[in-house]
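# Working through the structure, step by step
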Amino acid sequence: MQIHPTAIVSSKAKIEPSVTIGPYSIIGDNVKIGADTIIGSHCVIEGNTTIGSACQVFTGAVIGSRPQDLKFKGEDVFLEIGDNNIIREYCTLNPGTGEAGKTIIGDNNLLMAYSHVAHDCKVGSSCVLANNCTLAGHVTIEDKVVIGGIVAIHQFVRVGMLSITGGCSKVVQDIPPFSTCDGHPARVYGLNLIGLRRKGIPPESIKQIDQAFKLIFNSGFSVKGAAGKVEKELPKTEEINYLLNFIKTSERGLSRSCR
């Protein structure tokens, strides 16, 4: 274990021998850090926080400090961070709120400088949160999502997998999977074709998703009516079923088309 002599590390923390901790960082009692993780300088990691293996935490990140929620009364709350995450300078990641509340961040994510993940959020795997991206409480980010810089996401919003949201957007409703969104408030502009192709989605399936989008966002039907037409008229592929289920389970409603 490589711990800089100026770092303050609790003897109660559970830290794997291959962890590196930089100058002036502070590690609290209930922190667990996995193998080969590197903690930079001037970081604060506290609370019931678990960080997986092979993560990189850069200068000034504050991880696991009490949630910014007026309802929080000091309950036992948790923050779980998976493996191979890159957490850049001055990110702030909060635990859950309420009894046994939990914030969960998956694997292989890039959280750029000054990103904020608030209480009770769930971030999937292989996501990119660009600089100054701000997630309010109870936000869900699914897998392989890209969120641009200075984007603010309203509490309880869900962002569907393989979507991309442009910088400086204001997100107040659910972002559909496979979509490209932008604006104030964010609106659907079309498919995230690059993301779909990178995932290896076959061209025929991409064509079917595009047909579904045209029905849902550009046909003039209500979302419910358009979803019904998609269900009747298009093949029940994995992607179409996923899209329909996302729509049916949306609680804040969908961001609609810019057209």
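To keep things clear, this report deals only with the structure shown in the data block. (Residues numbered from 1 in each chain as written. Predicted model: local features only at pLDDT ≥ 70, side-chain atom pairs only at ≥ 80, totals over all residues. Heavy atoms only, no water.)

## Description of the packing of aromatic side chains
For the structure on display, the rule yields three aromatic pairs. Here the basic side chain of R88 rests over the ring of F58, its NZ or CZ set 3.9 Å away from the ring centre. The residue whose ring lies beneath R158 is F246, and the NZ or CZ to ring-centre distance is 3.9 Å. (Phe/Tyr/Trp six-rings, centres within 6.5 Å; stacked < 30°, edge-to-face > 60°. Lys NZ or Arg CZ within 6 Å of the ring centre and 35° of its normal.)

## Observations regarding the nonpolar core
If you look at the biggest cluster of nonpolar residues, it comprises 67 residues, and the most contacted ones within it are I63, L93, V117, L135, I141, I147 and I153. Of all the elements in the fold, those that place two or more residues in this core are β12 (78–81), β28 (186–191), α2 (203–218), α3 (223–233) and α4 (238–248). Among the elements that make up this core, the one with the highest residue count is α2 (seven residues). Those residues in contact with L135 that lie beyond four places of it in its chain are H116, V117, A118, C121, V123, L129, I141, I147 and I153. (Core = buried A, V, L, I, M, F, W, Y, C linked by side-chain atoms within 4.5 Å. Buried < 20%, exposed > 50% of the residue type's maximum accessible area, 1.4 Å probe, protein only. Helix = DSSP H or I, 4+ residues; strand = E, 2+ residues; numbered from the N terminus. Contact = heavy atoms within 4.5 Å.)

## Quick word on the side chain of S10
Structurally, S10 is set in the loop between β2 (8–9) and β3 (14–15). Dropping the residues within four chain positions of it, S10 is found in contact with I27, G28 and D29.

## Here we look at the side chain of T37
Residue placement: T37 occurs in the loop between β6 (32–33) and β7 (38–39). Separated by 3.3 Å, the side chain of T37 and the backbone nitrogen of A54 make a polar contact. Here T37 is in contact with S18, V19, T20, I51, G52, S53, A54 and C55, once residues within four sequence places are set aside. (Polar contact = N/O pair within 3.5 Å; in protein donor to acceptor, adjacent residues only side chain to side chain.)

## Section: the packing of α2 against α4
Two elements in contact, α2 and α4, have axes separated by 9 Å at closest approach and are oriented at 30°. One finds that α2 runs roughly parallel with respect to α4. Residues S205, Q208, I209, A212, F213 and I216 of α2 lie in contact with α4, whose contacting residues are E239, I240, L243 and I247. Across the contact of α2 with α4, the residue classes tally to seven nonpolar, two polar and one charged. (Axes fitted to C-alpha atoms, helices over the stretch in contact; angles between N-to-C directions. Parallel < 35°, antiparallel > 145°, perpendicular 65-115°, else oblique. Nonpolar A, V, L, I, M, F, W, Y, C, P; charged D, E, K, R; others polar.)

## Focus on α3
Turning to α3, its buried residues are V223, A226, A227 and V230. Seen from one end, α3 has its buried residues packed into an arc of 100°, which puts them on one side. In α3, the exposed positions angled more than 90 degrees off the buried face are occupied by K224 and K232. Looking at the buried positions of α3, the neighbouring elements they touch are α2 and α4. (Arc of directions from axis to C-beta.)

## Observations concerning the packing of α3 against α4
Each pair of packed helices gets described by two things: the angle between the helix axes and the distance between those axes. Running from N to C, α3 and α4 point in directions that differ by 155°, and their axes come no closer than 11 Å. Considered as vectors, α3 and α4 are oriented roughly antiparallel to each other. The two elements α3 and α4 meet at a crossing, and its hand is left-handed. Contacts between α3 and α4 pair V223, A227, V230 and E231 from the former with I240, L244, I247 and K248 from the latter. Of the residues assigned to the contact of α3 with α4, the class counts are six nonpolar, no polar and two charged. (Left-handed = near helix turned anticlockwise from the far one by under 90°.)

## Concerning the pattern of salt bridges
Here the idea is simple: oppositely charged side chains can pair when their charged atoms come close. Per the stated rule, a full pass over the model turns up seven salt bridges. Note that K102 is salt-bridged to E80, the shortest N-O span being 3.0 Å. With K102 in strand β15 (residues 102–105) and E80 in strand β12, the pair connects residues that are 22 residues apart, well separated along the chain. Judged by relative accessible area, K102 falls into the partly exposed class, the value being 31%. In this structure, K214 engages D210 in a salt bridge whose closest nitrogen and oxygen atoms are separated by 3.4 Å. Of the two residues, K214 and D210 both sit in helix α2, four residues apart, roughly one turn of that helix. When its relative accessible area of 48% is taken as the criterion, K214 is described as partly exposed. (Salt bridge = Lys/Arg side-chain N within 4 Å of Asp/Glu carboxyl O.)

## Let's talk about the sheet that holds strand β20 (residues 134–135)
Reading across from one edge, β2-β5-β8-β11-β14-β17-β20-β23-β26 is the order of the nine strands in this open sheet, with parallel pairing throughout. Only two strands of the sheet have a single neighbouring strand rather than two, namely β2 and β26 (170–171). As paired strands, strand β8 (residues 44–45) and strand β11 (residues 62–63) are joined by two bridges and run parallel to one another. Across the sheet, the residue bridging to V44 is V62, located in β11. (Pairing = 2+ DSSP bridges.)

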